[in-house]
Amino acid sequence: EYLEQAVYGLTEENAPQIAEAQLIANPGCYPTSALLALIPGQKAGWFVQDSVIIDGKSGVSGAGRGSSSAVHFSEVNESIRGYKLGRHQHVPEIEQELGSGVVFTPHLIPITRGLMCTVYVKLTEARTTEDVIEYYREYYSGKGFVRIRDAGQWPTTRQVLGSNFCDLGFHVDPRRQVLTIVSVIDNLVKGAAGQAIQNMNVRFGWPEDTGLQLVPLCP
């Protein structure tokens, strides 16, 4: 009965609705990283529909604190593995907000926290890396938690560790007109509690970065 009242809490996209909401649905970590990378280009009509491929990698903290053999040190250390291929719970969330189908493959990597989505999408017409960067910088102007890298620079998970930032890097293959986007977040902050705080700030009319400049690290 409350479903129709819920506002999707991707702050950079839905701040006006969040400011009036009584029920805010906080996004998952993978959708946050992927959607911040994809929504601007999708809205501009730059992407061939259903051509999106998302290669996701997340640290072990993304699985929560529950005990299971899959997240034991001896199972995770010095190994990378894919999981829930074709049935991950975040696929419907991504497709709902993007408005088109995606191929999504998540991987568990041997770090405590941090998440990277490497996104590949076919462009509808010829564009350059500089075109994409210019457009994304304009789109996210005034949205301080999204940072756009210069051409040839790629963000890393360490650069967003313990922060509420999402960092984006771009490259257009001029031969095939395929855009590659690298998107990184801390899965426990921008991908979880940090975004919830950001939404709370918007809802109550406080500065959006309140409580988000000095984030303690645990783990």
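Everything below is about the structure printed above this text.
As the structure is a prediction and not an experimental result, all values here were calculated from the model.

**Q** What should I look at first to understand the nonpolar core in this one?
**A** The nonpolar side chains of a soluble globular protein tend to be buried with one another. Membership of the largest hydrophobic core comes to 39 residues, with the highest contact counts inside it found for Ile54, Tyr136, Leu168, Phe170 and Leu179. Counting residues per element, this core draws most heavily on helix α2 (residues 29–43), at eight residues. Each residue touching Phe170, except ones within four places of it in the same chain, is listed here: Thr129, Val132, Ile133, Tyr136, Ile148, Trp154, Leu179, Thr180 and Ile181. Counting residues in each nonpolar core, the second largest holds six residues, with Phe145, Val160, Phe165 and Leu212 among its members.

**Q** Looking at this structure, I do not really get the packing of helix α1 (residues 11–18) against helix α6 (residues 189–204). What am I missing?
**A** When two helices pack together, their arrangement is captured by the angle between the axes and the distance separating the axes. Running from amino to carboxyl end, α1 crosses α6 at an angle of 35°, the nearest separation of the two axes being 10 Å. Here α1 runs over α6; the crossing is right-handed. Counted together, Thr11, Glu12, Ala15 and Ile18 of α1 and Lys190, Gln195, Gln198, Asn199, Val202 and Arg203 of α6 form the full contact between these two elements.

**Q** Explain the pattern of salt bridges here, please?
**A** Think of it this way: side chains of opposite charge can pair up when their charged atoms draw near. Counted under the stated rule, the structure contains nine salt bridges. Among the ionic pairs, Asp167 bridges to Arg149, the shortest N-O distance being 2.9 Å. Placement of Asp167 in strand β8 (residues 166–173) and of Arg149 in the loop between β7 (146–148) and β8 is noted, with a sequence separation of 18 residues between them. For Asp167, a relative accessible area of 0% corresponds to the buried category. Three or more residues joined by partner-sharing salt bridges are found here, namely Arg147, Arg149 and Asp167.

**Q** Teacher, can you tell me more about helix α4 (residues 91–98) here?
**A** In an α-helix, one turn spans 3.6 residues, which is why side chains three or four residues apart end up on the same side. Among the residues making up α4, those that are buried are Val91, Glu93, Ile94 and Leu98. In a view along the axis of α4, the buried residues occupy a sector of 165°, so they form one face of it. Away from the buried face of α4 by more than 90 degrees, exposed residues Pro92 and Gln96 are located. As for α4, its buried residues are in contact with β1 (6–8), α2, β3 (52–58) and β5 (102–108). The first or second residue beyond α4 is Gly99, which carries a positive phi of 80°.

**Q** Can you help me understand the packing of aromatic side chains in this one?
**A** When we look at a pair of aromatic rings, we describe it by the centre distance and by the angle of the planes. If you walk through the whole model with that rule in mind, you get nine aromatic pairs. Taking the centre distance of 6.1 Å and the plane angle of 55° together, the rings of Tyr135 and Tyr139 count as tilted. Separated by four residues within a single helix, Tyr135 and Tyr139 lie in helix α5 (residues 129–139), roughly one turn from each other. You'll find Tyr135 and Tyr139 in the same group, each marked buried. Seen from their ring centres, Tyr136 and Tyr140 are 6.4 Å apart, and the 45° between their planes marks the pair as tilted. Judged by its relative accessible area of 3%, Tyr140 falls in the buried class. Clustering of aromatic rings is evident, with ring pairs tying together Trp46, Tyr135, Tyr136, Tyr139, Tyr140 and Phe170. Over the ring of Phe204 we find Arg203, and its NZ or CZ is 5.7 Å from the ring centre.

**Q** Quick question: what am I supposed to make of unusual backbone geometry here?
**A** Negative phi is the rule for most residues except glycine; trans is the rule for most peptide bonds. If you check the backbone angles, Asp50 has positive phi at about 65° while not being a glycine. Turning to its location among the elements, Asp50 is positioned in the loop between α2 and β3. Taking relative accessible area as the criterion, Asp50 reaches 56% and is therefore assigned exposed. Its identity is not glycine, yet Gln177 carries a phi of approximately 55°, on the positive side. Locating Gln177 in the fold gives a position in the loop between β8 and β9 (178–185). Take Gln177: its relative accessible area is 14%, and that puts it in the buried class.

Analysis parameters
- Every chain is numbered independently, its residues counted from 1 as its sequence is written.
- Note on the predicted model: pLDDT of at least 70 is required for a residue's local features to be given, and 80 or more for side-chain atom pairs to be given and counted; whole-chain, interface and lining totals, by contrast, use all residues.
- Here the side-chain values reflect all heavy atoms present in the structure, with hydrogen atoms and water set aside.
- Here, the term nonpolar core denotes a set of buried Ala, Val, Leu, Ile, Met, Phe, Trp, Tyr and Cys residues that are joined through side-chain atoms within 4.5 Å.
- Only protein chains enter the accessibility calculation, which uses a 1.4 Å probe. A residue is then buried if its area is under 20% of the maximum for its type, exposed if over 50%, and partly exposed in between.
- Runs of H or I in DSSP of at least four residues are treated as helices and runs of E of at least two as strands, each being numbered from the N terminus.
- Here, residues are in contact when the closest pair of their heavy atoms is within 4.5 Å.
- As a rule, the C-alpha atoms of each element are fitted with a line to give its axis, helices using only the stretch in contact, and angles between N-to-C directions run from 0 to 180 degrees.
- Working rule for handedness: look at the near helix, and if it is turned counterclockwise from the far one by less than a right angle, call the crossing left-handed; if clockwise, right-handed.
- The working definition used for a salt bridge is a side-chain nitrogen of Lys or Arg within 4 Å of a carboxyl oxygen of Asp or Glu.
- Each C-beta atom gives one direction from the helix axis, and the arc is the one those directions make.
- Under the pairing criterion, centres of Phe, Tyr and Trp rings, with the six-membered ring standing for Trp, must be within 6.5 Å; the plane angle then separates stacked pairs below 30 degrees from edge-to-face pairs above 60, leaving the rest tilted.
- Placement of a charge over a ring requires the Lys NZ or Arg CZ to be within 6 Å of the ring centre, with the centre-to-atom vector within 35 degrees of the ring normal.

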